[in-house]
There are 4 protein chains.
Amino acid sequence: MADIEFVSDSEVAFVKVAGSDLTVVQAAVVSTGLNAEEWSAERVNGLINRLMKDRHGAPFEHVTFTFMVKTPLFTARQMMRHRIASFNEASARYRILPAVFYVPPSHRPLVQNGKAMDYDFQVDEKLSAIAKVLIEQSSKSSYKTYEQLLDAGIAREVARMVLPANMMTEFMVTINLRSLFNIFSLRGENTGTYPSHPQFEIVQVASRMEEAAADAVPISYEAFVQQGRVQP
Amino acid sequence: MADIEFVSDSEVAFVKVAGSDLTVVQAAVVSTGLNAEEWSAERVNGLINRLMKDRHGAPFEHVTFTFMVKTPLFTARQMMRHRIASFNEASARYRILPAVFYVPPSHRPLVQNGKAMDYDFQVDEKLSAIAKVLIEQSSKSSYKTYEQLLDAGIAREVARMVLPANMMTEFMVTINLRSLFNIFSLRGENTGTYPSHPQFEIVQVASRMEEAAADAVPISYEAFVQQGRVQP
Amino acid sequence: MADIEFVSDSEVAFVKVAGSDLTVVQAAVVSTGLNAEEWSAERVNGLINRLMKDRHGAPFEHVTFTFMVKTPLFTARQMMRHRIASFNEASARYRILPAVFYVPPSHRPLVQNGKAMDYDFQVDEKLSAIAKVLIEQSSKSSYKTYEQLLDAGIAREVARMVLPANMMTEFMVTINLRSLFNIFSLRGENTGTYPSHPQFEIVQVASRMEEAAADAVPISYEAFVQQGRVQP
Amino acid sequence: MADIEFVSDSEVAFVKVAGSDLTVVQAAVVSTGLNAEEWSAERVNGLINRLMKDRHGAPFEHVTFTFMVKTPLFTARQMMRHRIASFNEASARYRILPAVFYVPPSHRPLVQNGKAMDYDFQVDEKLSAIAKVLIEQSSKSSYKTYEQLLDAGIAREVARMVLPANMMTEFMVTINLRSLFNIFSLRGENTGTYPSHPQFEIVQVASRMEEAAADAVPISYEAFVQQGRVQP
């Protein structure tokens with residue numbers, strides 16, 4: 001039987017970005033006919049903030065990012081609910097998925113307080129320890145069955161039916177900056193105008209994408225934060 | 001522990017359709033300015049076939065279908081890769097998923113012949129029986145752990161990490177006819193101009209949607225088949 | 001030469017709606033597994049407001065509207081910048097466009113006050129009268145040339161090159177409620193959280209669509225207004 | 001009055017591309033788990049052709065192109081009917097459009113032969129000369145009225161109503177390779193599996209985009225042509 005690996009985090013590798021804050025400006029001035037080539041930083045900043053405030057989102061679409069993400073299946077599913085993006089994911093029809101599973105870290109809040117649609121979560125180290133043991137056992141057992149099915153000669157696309165939601169998967173995603181703001185708004189830590197309630201694990205993924213955006217398009221990113229974290 | 005139920009098929013319940021073959025015609029004649037109200041069946045038929053052949057797809061978008069689908073998680077994931085559609089799915093963050101799992105029926109081909117990207121599958125009843133036993137055991141074991149986690153007071157969104165890909169889920173999908181043709185082309189039984197290689201389980205879902213379409217928009221559906229099953 | 005007709009408004013004919021406020025609720029409870037069939041009006045109202053506030057937009061996508069719109073070309077262009085919608089428009093390649101043109105009504109504000117990106121418009125009846133005369137003359141002249149080109153045997157798709165932006169066109173649009181909220185937010189009269197600056201003529205179109213939505217899905221529409229007119 | 005300029009062609013300036021044929025391969029092997037880094041040109045070629053043939057379109061989405069296009073309004077409108085793309089266009093609300101108009105070149109076929117939906121066009125130099133005179137006169141006259149309206153103090157967004165469909169506009173477009181194949185299929189010269197009937201002027205634009213694609217992603221482009229020019 002394969003060695004089982006457990007991880008407690010997702011990975012987001014930055015692959016490429018096409019465009020910059022200047023691309024946003026160049027797209028915007030097509031509308032107005034201005035020449036932005038020698039604009040001061042202040043003027044660039046002013047225009048981008050104005051676009052964000054007035055929700056002129058189109059100029060942000062001309063900047064595109066590509067990431068490689070390693071994350072559990074349940075997080076991948078949440079990410080792929082975003083339709084303005086391009087995904088290619090590991091296929092359990094075509095490949096044997098390696099024995100890597102996600103277990104929540106001990107600082108992950110996992111006790112729910114409050115009623116439906118109005119609750120938060122608390123950390124509980126004792127319960128985390130119990131969860132860790134049960135999830136690891138179950139993951140091992142499922143993977144063992146997966147191997148038995150494969151060894152018996154059963155097709156991958158059938159054998160994979162026993163693999164659980166904490167199985168690690170990977171995908172490449174290409175997404176434009178406007179759509180990325182939507183992810184930050186709904187899947188990142190958002191205490192802005194319209195607070196969101198994303199799951200702990202997808203916040204980890206979104207936050208790393210935010211770091212990449214803050215680095216590649218600092219003015220646009222800052223304007224997004226300033227204007228209440230609502231997608232323009 | 002909850003009783004575990006096993007099913008070997010998906011369910012597709014037709015909820016509503018807005019529009020008909022006539023809607024397609026009415027949309028198309030906006031372009032040409034003709035009045036289609038008293039057209040003969042032959043003329044309606046001729047126009048719709050022409051739209052399909054010339055890949056004038058827009059008129060087919062004005063007909064929208066809504067379905068409720070019960071299917072295993074892995075099939076739901078494949079369906080939700082189609083981005084021109086609207087989905088609402090059972091959330092394991094908000095509800096406790098009932099103990100219903102998918103096991104492949106004995107006539108489901110599960111032995112792969114041939115090499116990667118160029119293979120087919122064969123039925124093997126003996127292997128099906130083995131698969132059934134292993135998948136059922138693994139499902140039961142996973143669900144038992146799920147209940148243990150919930151009983152310990154761990155949040156639903158964490159407990160569900162152990163649930164496998166053959167867990168049954170349900171979703172509502174609203175989709176226009178043009179996009180539905182794309183599903184039929186890629187996820188249905190397609191031996192047309194561009195054959196596809198969908199998984200057995202999603203063919204079951206797509207085929208039921210095809211039946212609903214054949215019933216609601218018979219002329220458009222027939223034109224789709226006649227013109228090689230490529231989405232217009 | 002054809003008689004030239006001038007109009008000072010757009011028409012929005014409601015064609016069909018599929019779904020209602022209840023559809024929104026039924027889509028939402030797929031997530032939670034609740035049965036909403038016997039819910040009180042108050043509970044329905046509460047859920048829909050909550051969806052809007054938390055920007056759970058997906059349930060609103062299962063309601064789809066179809067309209068027939070008659071409006072000048074420049075307004076049609078603005079409307080077709082919305083990509084989550086289905087359009088079929090009169091084609092000047094296939095039909096001879098009838099001699100109907102838009103002229104702004106005298107109450108249409110047409111004097112710009114303030115600088116770029118920060119201005120409003122004022123009504124000026126004297127200038128409106130001048131505009132009316134000039135626009136009508138120019139429209140007549142353009143249409144006369146259009147007819148001359150057609151009479152000479154030149155193809156429609158070439159002859160139409162002389163037709164101006166105030167030429168009336170018509171299109172069928174099918175659009176879901178979530179996407180319609182985006183139109184209301186950006187093209188309707190919006191003094192909410194993120195004010196928009198749409199052109200007078202598209203506000204007329206959007207407002208009529210708003211009336212249809214307020215009629216067909218009153219609870220969802222009211223929640224949209226209450227929550228600041230931002231698309232969920 | 002401004003000098004009027006007449007042009008008989010569109011311009012497509014290549015701005016940037018993110019990705020290459022290798023990006024397509026890297027996206028595709030995420031599914032299969034293979035390492036493509038040291039693949040031979042033959043193997044890369046084989047995979048890309050296979051993706052195209054089987055209509056696995058997703059890997060082509062990770063390559064994005066940006067163009068600046070100068071073209072008449074009627075062509076811009078046709079291009080913007082493609083919804084899987086990002087556009088920023090010159091706005092006649094915010095800027096005064098320069099006096100540049102399109103007139104068809106003399107080799108542009110402009111006499112229609114055959115009936116609706118089943119015709120072609122023929123060159124007729126005498127008629128082209130007539131068209132040129134009439135279109136130029138009408139353009140000049142419209143632009144003169146535009147200037148009169150502006151000079152009278154009427155807002156740009158109102159004055160522009162008299163501007164004709166052959167007015168030159170410009171837009172920035174960012175679009176992924178998969179969606180670009182759709183444009184090539186429907187708007188380029190297509191005598192493949194599903195012939196299309198695009199207008200002469202948009203073929204000029206699409207053809208230049210095709211040249212850019214053939215240069216940037218030669219293997220993917222060649223596979224598209226080989227497999228019948230249907231978007232994967």
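Residues numbered from 1 in each chain as written. Chains lettered and ligands numbered in written order. Predicted model: local features only at pLDDT ≥ 70, side-chain atom pairs only at ≥ 80, totals over all residues. Heavy atoms only, no water.

1. Quick look at the packing of helix α6 (residues 177-187) of chain D against helix α7 (residues 200-216) of chain D
Residue and element names in this part refer to chain D.
Stage number 1. At a minimum axis separation of 9 Å, α6 and α7 run at an interaxial angle of 140 degrees. Between α6 and α7, the interaxial angle falls into the category oblique. Between α6 and α7 lies a crossing of left-handed hand. Where α6 approaches α7, its residues Leu-180, Ile-183, Phe-184 and Arg-187 are matched on the opposing element by Ile-202, Val-203, Ala-206, Met-209, Glu-210 and Ala-213.
Stage number 2. Residues belonging to the contact of α6 with α7 are distributed by class as follows: 8 nonpolar, no polar and 2 charged. (Axes fitted to C-alpha atoms, helices over the stretch in contact; angles between N-to-C directions. Helix = DSSP H or I, 4+ residues; strand = E, 2+ residues; numbered from the N terminus. Parallel < 35°, antiparallel > 145°, perpendicular 65-115°, else oblique. Left-handed = near helix turned anticlockwise from the far one by under 90°. Contact = heavy atoms within 4.5 Å. Nonpolar A, V, L, I, M, F, W, Y, C, P; charged D, E, K, R; others polar.)

2. Looking at the interface of chain C and chain D
Stage number 1. Each partner contributes residues to the interface: chain C has 51 residues there, and chain D has 51 residues.
Stage number 2. Of the roughly 4,300 Å² buried where chain C meets chain D, counting both sides, 56% is carbon and sulfur surface.
Stage number 3. The largest contributions to the chain C side of the interface with chain D come from Arg-77, Arg-83 and Met-161 of chain C, which together make up 17% of the buried area.
Stage number 4. At the boundary of chain C with chain D, the tally comes to 4 salt bridges.
Stage number 5. Seen at the junction of chain C and chain D, the total is 23 residue pairs in polar contact (both at pLDDT 80 or more).
Stage number 6. For the side of chain C that touches chain D, the secondary-structure elements that each account for two or more residues are α3 (73-79), β4 (86-89), β6 (111-115), β7 (118-122), α4 (125-151), α5 (156-159) and α7 (200-216) of chain C.
Stage number 7. For the side of chain C that touches chain D, the residue count by class is 29 nonpolar, 13 polar and 9 charged. (Buried area = accessible area lost by both parts, 1.4 Å probe. Salt bridge = Lys/Arg side-chain N within 4 Å of Asp/Glu carboxyl O. Polar contact = N/O pair within 3.5 Å; in protein donor to acceptor, adjacent residues only side chain to side chain.)

3. With respect to the sheet that holds strand β8 (residues 168-176) of chain A
Residue and element names in this part refer to chain A.
Stage number 1. One open sheet accounts for 4 strands, arranged β2-β3-β8-β4; its pairing is antiparallel. Of all strands in the sheet, those with a lone pairing partner are β2 (11-18) and β4 (86-89), marking the two edges. Neighbour to neighbour, the strand axes of the sheet diverge by 15 degrees on average, direction disregarded.
Stage number 2. Bridge count for β2 against strand β3 (residues 64-72) is 7 bridges, and the pairing is antiparallel. Among the inter-strand pairings, Ala-18 is bridged to a residue of β3, identified as Thr-64.
Stage number 3. Strand contacts of helix α6 (residues 177-187): β3 and β8, with the helix running at about 130 degrees to β8, the strand carrying the most contacts.
Stage number 4. Running at roughly 155 degrees to β3, helix α7 (residues 200-216) makes contact with β2, β3 and β8 of the sheet. (Pairing = 2+ DSSP bridges.)

4. Re the pairing of β4 of chain A
Residue and element names in this part refer to chain A.
Stage number 1. Here β4 shows a buried face lined by Ser-86 and Asn-88 and a second buried face lined by Phe-87 and Glu-89.
Stage number 2. Two elements, β4 and β8, share 4 bridges in a ladder whose sense is antiparallel. Within the sheet, the bridge partner assigned to Ser-86 lies in β8 and is Thr-174. (Buried < 20%, exposed > 50% of the residue type's maximum accessible area, 1.4 Å probe, protein only.)

5. Description of the sheet that holds strand β2 (residues 11-18) of chain D
Backbone hydrogen bonds hold the strands of a sheet together, and the pairing may be parallel or antiparallel.
Stage number 1. An order of β2-β3-β8-β4 (chain D) is seen for the 4 strands of this open sheet, with the pairing classed as antiparallel. Whereas interior strands pair on both sides, the edge strands pair on one side only; in this sheet they are β2 and β4 (86-89) of chain D. Strand-to-strand twist in this sheet, taken as the mean axis angle between neighbours without regard to direction, amounts to 15 degrees.
Stage number 2. Across the sheet, helix α1 (residues 21-32) of chain A is in contact with β2, β3 (64-72), β4 and β8 (168-176) of chain D; its angle to β4 of chain D comes to roughly 50 degrees.
Stage number 3. Sitting on the sheet, α6 of chain D is in contact with β3 and β8 of chain D, with an inclination near 130 degrees to β8 of chain D.

6. Brief notes about the interface of chain B and chain C
Stage number 1. Taken together, the contact between chain B and chain C spans 33 residues of the former and 33 residues of the latter.
Stage number 2. Contact with chain C buries area across many residues of chain B, yet Val-30, His-62 and Asn-88 of chain B alone supply 28% of it, more than any other trio.
Stage number 3. Summed over the shared surface of chain B and chain C, the number is 0 salt bridges.
Stage number 4. Seen at the junction of chain B and chain C, the total is 17 residue pairs in polar contact (both at pLDDT 80 or more).
Stage number 5. Listing elements by their share of the side of chain B that touches chain C, those giving two or more residues are β2 (11-18), α1 (21-32), β3 (64-72), β4 (86-89) and β8 (168-176) of chain B.
Stage number 6. Of the residues in the side of chain B that touches chain C, the class split is 14 nonpolar, 14 polar and 5 charged.

7. A closer look at the environment of Met-168 of chain C
Residues and elements named next belong to chain C.
Stage number 1. Secondary-structure assignment places Met-168 in strand β8 (residues 168-176).
Stage number 2. For Met-168, a relative accessible area of 12% gives the class buried.
Stage number 3. Residues Met-168 and Thr-75 lie 93 residues apart in sequence; the distance between their C-alpha atoms is 9.4 Å.
Stage number 4. Setting aside anything within four residues of it in sequence, one finds Met-168 in contact with Val-7, Asp-9, Lys-70, Thr-71, Pro-72, Val-100, Phe-101 and Tyr-102.

8. Thoughts on the relation of the copies chain B and chain C
Stage number 1. Overlaying chain B on chain C yields an RMSD of 0.0 Å, the required transformation being a rotation through 180 degrees with an accompanying axial translation of 0.0 Å. Both copies are brought into coincidence by an operation consistent with a two-fold rotation axis. For chain B, the smallest separation between a C-alpha atom and the rotation axis is recorded for Ala-18 of chain B, amounting to 2.9 Å.
Stage number 2. The fraction of interface residues of chain B whose copies in chain C are also interface residues reaches 100%, indicating that both copies meet through the same surface. (Least-squares fit on C-alpha atoms with pLDDT ≥ 70 in both.)

9. Observations concerning the side chain of Arg-108 of chain C
Stage number 1. Residue placement: Arg-108 of chain C occurs in the loop between β5 (100-102) and β6.
Stage number 2. Engagement of the side chain of Arg-108 of chain C in a polar contact is seen with the side chain of Glu-157 of chain D, the distance being 2.9 Å.
Stage number 3. Discounting residues that sit within four places of it in the chain, Arg-108 of chain C has contacts with Val-123, Ser-128, Gln-199, Phe-200 and Glu-201 of chain C together with Glu-157, Val-158 and Met-161 of chain D.

10. Side note on the pattern of salt bridges
Stage number 1. Overall, the coordinates contain 44 salt bridges over all chains when judged by the stated rule.
Stage number 2. Between Arg-77 of chain D and Glu-89 of chain C there is a salt bridge whose closest N-O contact spans 2.5 Å. Remark: Glu-89 of chain C occurs in strand β4 and Arg-77 of chain D occurs in helix α3 (residues 73-79); the pair is interchain, linking two chains.
Stage number 3. We classify Glu-89 of chain C as buried; its relative accessible area is 12%.
Stage number 4. Here Arg-178 of chain D and Glu-61 of chain D are joined by a salt bridge, their closest N and O atoms 2.5 Å apart. Of the two residues, Arg-178 of chain D sits in helix α6 while Glu-61 of chain D sits in the loop between α2 (41-53) and β3, which places them 117 residues apart along the sequence.
Stage number 5. A single network of salt bridges, built from pairs that share partners, joins Arg-93 and Glu-157 of chain A together with Arg-108 and Glu-201 of chain B.

11. Focus on the pairing of strand β3 (residues 64-72) of chain C
Residues and elements named next belong to chain C.
Stage number 1. Across the 9 residues of β3, 8 count as buried, placing the element largely inside the fold.
Stage number 2. Pairing of β3 with β8 involves 9 bridges; the strand directions are antiparallel. From the neighbouring strand, Thr-71 faces β8, where its bridge partner is Thr-169.

12. Observations concerning the environment of Gln-78 of chain D
Stage number 1. By secondary structure assignment, the location of Gln-78 of chain D is in helix α3.
Stage number 2. In this structure, the C-alpha to C-alpha distance between Gln-78 of chain D and Gln-199 of chain D, residues 121 residues apart in sequence, is 9.2 Å.

13. Focus: the confidence of the model for chain A
Stage number 1. When the pLDDT values of chain A are averaged, the result is 95; 99% of them are 70 or greater.
Stage number 2. Of the two predicted TM-score estimates for the complex, the pTM is 0.97 and the ipTM is 0.95. (pLDDT = per-residue confidence, 0-100.)

14. Looking at the packing of aromatic side chains
Stage number 1. Per the stated rule, a full pass over the model turns up 52 aromatic pairs over all chains.
Stage number 2. Plain terms: the ring middles of Phe-181 of chain A and Phe-224 of chain A are 4.6 Å apart, the flat faces sit at 15 degrees to each other, and that makes the pair stacked. Here Phe-181 of chain A is found in helix α6, whereas its partner Phe-224 of chain A is found in helix α8 (residues 218-226), with 43 residues between them in sequence.
Stage number 3. You can call Phe-181 of chain A buried: its relative accessible area is 0%.
Stage number 4. Overall, the relative accessible area of 0% leaves Phe-224 of chain A in the buried class.
Stage number 5. Note on Phe-87 of chain B and Phe-171 of chain B: the rings are 5.7 Å apart at their centroids and 70 degrees apart in plane angle, and the pair reads as edge-to-face. (Phe/Tyr/Trp six-rings, centres within 6.5 Å; stacked < 30°, edge-to-face > 60°.)

15. Structural notes on α7 of chain A
Stage number 1. When the terminal C-alpha atoms of α7 of chain A are compared, their 25 Å separation across 17 residues agrees well with the 24 Å that a helix rising 1.5 Å per residue should span.
Stage number 2. Turning to α7 of chain A, its buried residues are Glu-201, Ile-202, Val-203, Gln-204, Val-205, Ala-206, Met-209, Glu-210, Ala-212 and Ala-213 of chain A. (Expected span 1.5 Å × (residues − 1).)

16. Things to note about unusual backbone geometry
Most peptide bonds take the trans form, and the phi angle of most residues other than glycine is negative.
Stage number 1. Within the chain, Arg-55 of chain B stands out as a residue other than glycine whose phi angle is a positive 60 degrees.
Stage number 2. As for its placement among the helices and strands, Arg-55 of chain B is situated in the loop between α2 (41-53) and β3.
Stage number 3. Residue Arg-55 of chain B is classed as buried on the basis of its relative accessible area, which comes to 9%.
Stage number 4. The phi torsion at Arg-229 of chain D lies on the positive side, around 55 degrees, for a residue other than glycine.
Stage number 5. In this fold, Arg-229 of chain D is placed in the segment after α8 (218-226).

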